[in-house]
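Fold and contact review
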Amino acid sequence: MKSAIIGLSCLVFSLTLVGCGGKNDKGKTYHWSKAHGVLEDCRGVMNKSQQCNTNSNNQQYLFKVDKY
């Protein structure tokens with residue numbers, strides 16, 4: 001029963017996002033770049049990650065896709 005409620009909640013949330021999203025994008029065309037690797041340190045996206053909490057000199061190789 002609990003899993004059915006969670007599944008139904010996820011479905012309703014997804015439909016809400018689809019219904020509300022994209023209203024300001026009418027007539028706009030977006031392009032996505034190819035995925036490219038980025039070496040990220042603890043000053044950027046990862047600053048609150050568990051890896052950076054244990055080692056502030058940590059670096060991760062991430063994949064980034066740009067929308068323009």
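In this report, we go over the structure that sits alongside the text. What you are looking at is a predicted structure, and each value in this text was computed from that prediction instead of being measured. (Residues numbered from 1 in each chain as written. Predicted model: local features only at pLDDT ≥ 70, side-chain atom pairs only at ≥ 80, totals over all residues. Heavy atoms only, no water.)

**Overview of the state of the cysteines**
What counts, and what does not: A pair of sulfur atoms, both from cysteines and within 2.5 Å, is called a disulfide here. By the criteria applied, helices consist of DSSP H or I runs no shorter than four residues and strands consist of E runs no shorter than two, each listed in order from the N terminus. Accessible area is worked out with a 1.4 Å probe on protein chains only. A residue is then buried under 20% of its type maximum, exposed over 50%, and partly exposed in between.
In total, this model carries 1 disulfide according to the counting rule given. Across the disulfide, Cys42 is cross-linked to Cys52 (sulfur-sulfur distance 2.0 Å). Judged by the sign of its S-S torsion, about -90°, the bond between Cys42 and Cys52 is left-handed. Separated by 10 residues along the polypeptide, Cys42 in the loop between strand 1 (36–40) and helix 2 (50–54) and Cys52 in helix 2 bring together distant segments of the chain. Under the relative-accessibility criterion, Cys42 is labelled buried at 15%.

**Things to note about the pattern of salt bridges**
Short version of the rule: Salt bridges are defined by distance alone: a side-chain nitrogen of Lys or Arg within 4 Å of a carboxyl oxygen of Asp or Glu.
In this structure the tally under the stated criterion is 2 salt bridges. Of the charged contacts, one joins Arg43 and Asp41 as a salt bridge, the two residues approaching to 2.6 Å between their closest N and O atoms. Under the relative-accessibility criterion, Arg43 is labelled exposed at 73%. Here Lys64 makes a salt bridge to Asp66, at a shortest N to O gap of 3.8 Å. Since its relative accessible area comes to 29%, Asp66 is described here as partly exposed.

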